[in-house]
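Examination of the molecular architecture
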Amino acid sequence: MDDPRVIEIDTDRVLSHRPVHYGIIDLGSNSIRLVVYDDLGRAPFPRFNEKSLAALGAGLDDDGRFTRKAIDNALAAIRRFDAIAKAMDVPQVDILATEATRKAKNGDDLVSAIRAETGMEPRVISGEDEAYYSTLGVISGFFQPRGLVGDIGGGSLEVAEVLGDCVGDRRASMPLGALPVRAMLEDGIDAAKKQIDDILDGALPPMLTEPVFYAVGGGWRALARVHIAMTNHPISVPHGYEMPAKELSSLAKKIAKMSTDEIAALPDVPGRRVETLAASALVLWRVFRKLKPERAVFSAFGLREGWLYSQLGEAEQYRDPLVEGALAIGLPVARVPKFSEALGNWTADLFPGETQSERRVRLAVCALTDIAWRDHQKVRAMDSFLRLLEFPFIGISHGERAFLAVSVMARYGGKVDEQIKDRLSGILSRNDLQRAEILGRALLLGHRFSASVPEILEKSRLRIEADAVRLEVLEDASVPDSDAVQSRLKQLAKVAGIEGAEVVSE
């Protein structure tokens, strides 16, 4: 079966596109959040992101109804977000209401009040649909994810299968959000464990796919932040951070037993998560005890991004998120936008046996090849490296982040010294590090030889062979050789570990 994903650099399509802002208000159990995305597209970047800690899930009376204060607090946040969206000229804002609203006996009163105040129609998402859209968010944020997705919120836990580009049939929603589990902990951790285990036994879908668990939700991303800080991991972005499931389960078990003061003393723990992190950790510990996954991967994409992804046409859904994000960042600032496309073709045969996953990273590097041309030459390499190492790309692992950052650094003449090697040793193999440097030096050569003119580059071919690195130039290219070109060619040969380097006219 042919792969329907589109992985390409299409300059004309990218530059002719006119972004349309899209807003989502997430009416959750713990917080209400507005995110305005720059575009309804495959690689959305948030233009505005704000949340209000309305704590709707804690605003229920003994009869299970929202109190007047809870409704008023929610309306105050909605009024602000509605005003902001209108001031930003956002043509569409969707309101997604989850566990607290669907659970409250008077949830319809809140929906009616929002409709009367703003004219917007909140969508009360069922638990199963919440699991579905959260999993779509993981599909949106990763390259062919396979395993189980777990999304912990303030009021509930959703779990569903992810099968590459599809959401599996097995999915469930359980009342195991941070707020109800924190209430369980008031009776002691042993009693809370039993309650959680009973709920999981009756509803948690089995892990019948790849043994990978994608962890979604701020409570679980806080665990990633703590682990990143504790281990001095070289990349601080939680999205795409991977760790052995046993190691994460051990950390979660320890934190579940901590006091709030002990949690507050953890490195890089978000202050707003201190009161609920033990509850979130306890749920993860018990989920992993039952499922026994091998790896955990953290995701910053969930319900909101899944909803956004669902609004796209099929052709747009199958575009690659990493390449689309790199194109959106790189092409508008490039001196010659079409040169990235030419570089993508020029480097297509650079690495024999290149996989589809490797190809998409190489194309992303080509898309970003001119992002620093306005910077001073002394800072271009390292500034690009540091920026891209932490940039909020999606569809990318931490190892791929490192590859991308090293490649662009080398494109600007930066050296992969021992400090860089030591920093990235845990996430990038020496072989991949060399490949990244080879790609960067090849791009540097391509820019220098052609003066970033696509038509000149297209009349040449780069070959890395056993005895020499050769730049083959067609005679009608009419571009004489130079010392600068020879120098870049020799630099490429050196990082490739090859003695010979020559320009050949054909």
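- For the chain, an unreviewed UniProt entry supplies the name Exopolyphosphatase / guanosine-5'-triphosphate,3'-diphosphate pyrophosphatase and the organism Tropicimonas sediminicola.

Topic: the UniProt feature "domain: Ppx/GppA phosphatase N-terminal" (unreviewed entry) in the chain
- Those places that UniProt annotates as "domain: Ppx/GppA phosphatase N-terminal" (unreviewed entry) correspond, in this numbering, to residues 48-313.
- Spanning residues 48-313, this segment combines 48% helix with 18% strand, and its end C-alpha atoms are found 24 Å apart.

Points about the sheet that holds strand β6 (residues 146-152)
- Spatially, the six strands line up as an open sheet ordered β8-β7-β6-β9-β11-β10, and their pairing is mixed. For this open sheet the edge positions go to β8 (166-174) and β10 (242-244), each flanked by a neighbour on one side alone. Geometrically, the sheet is characterised by an average inter-axis angle of 25° between neighbouring strands, direction not taken into account.
- Relative to strand β11 (residues 295-299), strand β9 (residues 212-216) runs parallel, the two being bridged by five bridges. Across the sheet, the residue bridging to Ala215 is Phe298, located in β11.

What about the sheet that holds strand β3 (residues 46-52)?
- Across the sheet, which stays open at both edges, the five strands sit in the order β3-β2-β1-β4-β5 with mixed pairing between neighbours. A strand with exactly one partner marks an edge of an open sheet, and here the two such strands are β3 and β5 (123-124).
- Lying over the sheet, helix α12 (residues 303-310) contacts β1 (22-27), β2 (32-37), β4 (93-97) and β5, oriented at roughly 140° with respect to β1.

Concerning the domain arrangement of the chain
- When its domains are assigned, the chain resolves into domain 1 (11-124), domain 2 (128-305) and domain 3 (320-454).
- Put simply, the middle of domain 2 and the middle of domain 3, counted by C-alpha atoms, are 33 Å apart.
- Between domain 2 and domain 3, the residue contacts involve 14 residues of the former and 16 residues of the latter.
- For the pairing of domain 2 and domain 3, the buried interface totals around 1,200 Å² over both sides, and the portion due to carbon and sulfur atoms is 63%.
- The interface formed by domain 2 and domain 3 holds zero salt bridges in total.

A word on helix α18 (residues 398-411)
- Here α18 contains 14 residues, and its C-alpha end-to-end distance of 20 Å stays within 8% of the 20 Å for a straight helix at 1.5 Å per residue.
- Count one or two residues on from α18 and you reach Gly413, which has phi positive near 85°.

Rules used throughout
- Residues numbered from 1 in each chain as written.
- Predicted model: local features only at pLDDT ≥ 70, side-chain atom pairs only at ≥ 80, totals over all residues.
- Heavy atoms only, no water.
- UniProt positions renumbered as here; feature names shortened; annotations may be inferred.
- Helix = DSSP H or I, 4+ residues; strand = E, 2+ residues; numbered from the N terminus.
- Pairing = 2+ DSSP bridges.
- Axes fitted to C-alpha atoms, helices over the stretch in contact; angles between N-to-C directions.
- Contact = heavy atoms within 4.5 Å.
- Domains from an automatic or database assignment.
- Buried area = accessible area lost by both parts, 1.4 Å probe.
- Salt bridge = Lys/Arg side-chain N within 4 Å of Asp/Glu carboxyl O.
- Expected span 1.5 Å × (residues − 1).

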